[in-house]
Amino acid sequence: MRVDRLFRDANLVTLTQDRPGLGVIEDGVLATHHGRIVYCGSRYDAPRFDAVELWKCEGRWITPGLIDCHTHLVYAGDRAGEFAMRAAGKSYEQIAKAGGGIVSTVKATRLASKSDLVEESLPRLDALIAEGVTTVEIKSGYGLDHEHESRQLRAAAMLGQHRKVTVVPTYLGAHAVPPEAKGAKGRERYLSLVIDEMIPFVAKERLATAVDAFCEGIAFTPEETERVFKAAKAAGLAVKLHADQLSDTGGAKLAARYAALSADHLEYANDEGIAAMAQVGTVAVLLPGAFYTLRETKVPPIAAFRKAGLKMAVATDCNPGSSPLTSPLLAMNMAATLFKMTVEECIAGFTREAAHALGRSDIGTLEVGKRSDLAIWSITNPAELVYRMGYNPLHARYWRG
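Regarding the state of the cysteines
Across all of its chains, the model carries zero disulfides by this definition. The thiol sulfur of C69 is not disulfide-bonded, and the nearest other cysteine sulfur, from C346, lies at 13 Å. Taking the relative accessible area as the measure of exposure, C69 reaches 0% and is therefore buried. Take C346: its relative accessible area is 0%, and that puts it in the buried class.

Points about helix 7 (residues 222–234)
Over its 13 residues, helix 7 extends 18 Å from the first C-alpha to the last, a length consistent with the 18 Å expected when each residue adds 1.5 Å. Along helix 7, the residues that are buried comprise E224, T225, V228, F229, A231 and A232. Looking straight down helix 7, one finds its buried side chains confined to an arc of 165°; they lie on one side. Set apart from the buried face of helix 7 by more than 90 degrees, the exposed residues are E223, K230 and A234. Those residues of helix 7 that are buried lie in contact with strand 8 (166–174), helix 6 (183–205), strand 9 (210–215), strand 10 (238–243) and helix 8 (251–257). Looking one or two places after helix 7, you find G236, whose phi comes out positive at around 80°.

Here we look at the packing of aromatic side chains
Counted by the stated rule, this structure contains seven aromatic pairs. Residues Y39 and F49 carry aromatic rings whose centres are separated by 5.8 Å and whose planes lie at 55° to one another, so their mutual orientation is tilted. Linking Y39 in strand 3 (residues 36–42) with F49 in the loop between strand 3 and strand 4 (50–56), this pair joins segments that are 10 residues apart in sequence. The buried category is assigned to Y39, whose relative accessible area is 14%. On the basis of relative accessibility, which here comes to 17%, the residue F49 falls in the buried class. Judged by centre distance (5.1 Å) and plane angle (80°), the ring pair of F291 and F339 falls under edge-to-face. Taken as a pair, F291 in helix 10 (residues 288–293) and F339 in helix 12 (residues 328–339) lie far apart in primary sequence, 48 residues in all. The residues F291 and F339 share a single accessibility class, namely buried.

Analysis parameters
- Throughout this description, residue numbers start from 1 for each chain and increase along the sequence as written.
- Reporting of local features is limited, given that this is a predicted model, to residues whose pLDDT is at least 70; pairs of side-chain atoms are given and counted only at 80 or more, and all residues count toward the totals for whole chains, interfaces and linings.
- Only hydrogens and water are set aside; all other atoms, that is, all heavy atoms of the structure, feed into the side-chain values.
- Count a disulfide wherever a pair of cysteine sulfur atoms falls within 2.5 Å.
- The rule is simple: take the accessible area with a 1.4 Å probe, protein chains only, and divide by the maximum for that residue type; under 20% is buried, over 50% is exposed, in between is partly exposed.
- Secondary structure counts use DSSP, requiring at least four H or I residues in a row for a helix and at least two E residues in a row for a strand, with both numbered from the N terminus.
- Multiplying 1.5 Å by the helix residue count minus one yields the expected span of that helix.
- Directions are taken from the helix axis to each C-beta atom, and the arc is the one they span.
- We call two residues in contact when some of their heavy atoms are within 4.5 Å.
- When the centres of two rings from Phe, Tyr and Trp lie within 6.5 Å, Trp using its six-membered ring, the rings pair. Their planes under 30 degrees apart give stacked, over 60 give edge-to-face, and anything left gives tilted.

So, in structure tokens, the structure goes:
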């Protein structure tokens, strides 16, 4: 059988549902052709291959390429000053109400050109790639008007042209009310812009595949969020939600009602919302970087998620304010340490379940027909990917072969 690449002497973390745990195959063989996996299994069952390129992995471990399914990667400036404020005792909500938070990044991002945004974002993307990421979701949400939200999304697309990585763009116009939208009338005008103009425009121009919103006391109400979701569905776009991060707003249940791909954060999600998410397959995306940075104490109800059979993904939430994190490996360690997730849950959370959170069935596991997005690790046990801090054992990374 003729193939492009053959990986031998490897241990495989397949994450397929027909195998227990991580789906480990020791002394395995993986073959790829035209950017797809054509064989993944034991060397004893492998057919004869005629490979253009042969890789002897020398006992290294191969996982699916990592998937960071929640980032705000494209922005300008930083919020180091706000970090100092938090260190001095100010809360996230206090900083936001004082003119900091999302709005401060909006000001810097609006002043940046598309090329500026790409230049500033590439080092962050490179950090993710260096730890095995092959797919990254990138949200807008720091433009908060037609011109600058579009610019953010186009910059995100350009990142995918500059690097060998799959970029999944998400429109997050309902991230915050822009500073110029004063009072109730200004707020309503902005919401109408998002619903009546931006969402149809984003869909027509194919600038994003999904629409997200921030449903919270400092952002948008459940009623406002529902209006955004209705517009997204009418435009043929999937929906996602920043839900129940700082309080129980019923975001999990709202996300489930619209069959959202994911509901993210979820520290305050209630049992009714969790059950609703499980019923429709909405993925819970856990963001330990934000929990850590904001010094939160309310841990997401992981035990309730498990009991309900909820799929759990993990992501960096890379953003300038609440999670300036560009290390998926550290995010997995945080998820295990802070949220008491298992090693299996953490690794699956950055691969198989992250793919579900993006609505992607072509990545996330090692099996025939999937894209050959691979990460090869110099480790002796998959637990090392979660256990270590500040150490990167990535040996090689393949994107679409």
